[in-house]
Amino acid sequence: MTAPEVTQGNADCRPVLDCGGKPLDLGRVTLMGILNVTPDSFSDGGAFSVPERAVEHALAMVEEGADIIDVGGESTRPGAQAVTAAEEIRRVIPVIRVLAQAIPVPVSVDTSKPEVMRAAADAGAGMINDVMALRTAGALETVRELGLPVCLMHMQGEPRSMQRNPTYRDVVGEILAFLRERIDACVAAGIPRDRLIVDPGFGFGKTVEHNLELLRRLPEFGTLQAPVLVGLSRKSLIGAVLGLPVGERLHASVALALCAAQQGAAIVRVHDVRPTREALRMAEAVAGRRRWRSATMDCEGQ
Ligand code: PT1
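Residues numbered from 1 in each chain as written. Predicted model: local features only at pLDDT ≥ 70, side-chain atom pairs only at ≥ 80, totals over all residues. Heavy atoms only, no water.

Enquirer: Quick one: what's the story with the overall build of the chain, residue by residue and with numbers?
Expert: Along its length, the chain carries nine helices and 10 strands. Within the span of the chain, comprising 302 residues, buried residues form 56% of the whole. Residue pairs at least 24 apart in sequence account for 70% of intrachain contacts in the chain once pairs closer than 6 positions are excluded. In the form shown here, the chain has an accessible surface area of approximately 12,900 Å², with 52% of it arising from carbon and sulfur atoms. (Helix = DSSP H or I, 4+ residues; strand = E, 2+ residues; numbered from the N terminus. Buried < 20%, exposed > 50% of the residue type's maximum accessible area, 1.4 Å probe, protein only. Contact = heavy atoms within 4.5 Å. Areas by Shrake-Rupley, 256 points an atom, 1.4 Å probe, with all protein chains shown as cover.)

Enquirer: With reference to specific residues and values, describe the packing of helix α2 (residues 85-102) against helix α3 (residues 114-122).
Expert: α3 packs onto α2 with a crossing angle of 15° between their chain directions and a minimal axis gap of 9 Å. If you check the angle between α2 and α3, you find them roughly parallel. Seen along the crossing, α2 lies across α3 with a hand that is right-handed. From α2, Ala85, Glu88, Ile89, Val92, Ile93, Ile96 and Arg97 reach across to α3, where they touch Glu115, Val116, Ala119, Ala120 and Asp122. Tallied by class, residues from the contact of α2 with α3 come to eight nonpolar, no polar and four charged. (Axes fitted to C-alpha atoms, helices over the stretch in contact; angles between N-to-C directions. Parallel < 35°, antiparallel > 145°, perpendicular 65-115°, else oblique. Left-handed = near helix turned anticlockwise from the far one by under 90°. Nonpolar A, V, L, I, M, F, W, Y, C, P; charged D, E, K, R; others polar.)

Enquirer: Give a description of the sheet that holds strand β4 (residues 68-72) that names residues and reports values.
Expert: The strand order across the open sheet built from eight strands is β8-β7-β6-β5-β4-β3-β10-β9, with neighbouring strands paired in parallel fashion. Each edge of the sheet is formed by a strand with only one pairing partner; in this case those strands are β8 (196-199) and β9 (229-231). Across the sheet, the axes of successive neighbouring strands diverge by a mean angle of 25°, strand direction being ignored. Pairing between strand β5 (residues 107-110) and strand β6 (residues 127-130): three bridges, direction parallel. Residue pairing across strands places Val109 opposite Ile128, the latter belonging to β6. (Pairing = 2+ DSSP bridges.)

Written out as C-alpha cells, the structure is:
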C-alpha cells in the first residue's frame, strides 16, 4: 500500500514552506522577528542601521526563538517617505548577505521593489514580504523567477498619506476581495499558490476601529486558503487604546500577538521575540496544541 498523498493548497495540510532551501514550519505559530535597517524606523529609531549592530540584533532574536528574520530598508509606517532602490539595496544587502550565512532560519526582505527583491534573493533571502502585494511594475514576474514564497499585504493608499481618512464600506469584505484578486494575479503570473502568504495589513490605511474589527474577524481570512501573517507589534492602535508611547507598548503587543495566534494567524511579526515566544508557549501548553485552527481551515481526515 502506498502512503496517502499530502493534500496541497491548505496551510494546515502543507505545514512546511520552502524558503530558498531553509524550511519554515507552519505547523506551529511562527515568529517573524523585525529587523529595521532604516535611519527613520518608527520604533527602533534607526538603532540597527549600522550593519554590525543589525546582525547582532538578528542573532539575538534567533537566540530568543525567532523562526524567520524580516529585514527592511524602507520605513512604511504612516507618514514615511519613499527611498530609492539603490539606497534600499545599500541598507539591506550587506545585512542579508551576512545573516543568510550566519543563521539557521530564513531571512525575508520587506520590500516592494523588484530590484531589491532580486538583490536580496542573490544575497540569500528566502522570502519576499511586500506591503504592496506585488502591485509594483515587474514585481509579479520577479517573484515568479526567484521562486520564493511571498507575503501579499493589503494597504489602502500609500504610506505618506494612508492614515488621512481611511474609509471602507465593509473593511473585512474589501480586504478579502483585494487579497483574493492579488492571489489570482500571482497564480495567473505563474507563482504557485502554495508559495503565497496573506496579510490584512494592520495600520496600513485603517482606523483604530478598522484594526480592531480585522483582528476580531481574523478567522474569516482562512477562506483564502493561505497562511495568514499579522503585524501589530508596537503599532499606533495600542497608543490609541491605552494612551502609551511607542516605547511602552510591549505588554499590549504580546497580548495582540497571542490574540492573533488564537484567531488563526500562522505567522506573527514582532519586535520583542522572547516575551512573545513565552506567551505563545504558555498558551500552547494550556490548549494542548501548537497551532490554533481558523474556522474555515479544516482538513481533518484528509
Ligand atoms: C505588517 C508590516 C510589514 N508592518 C507585513 N509587513 C510594517 N507583512 C512593515 C502604526 O500604526 O503589518 N505586515 N512591514 C510596519 N508598518 C507600520 C504600520 C508601522 C503602522 C506602524 C504603524 O503605528
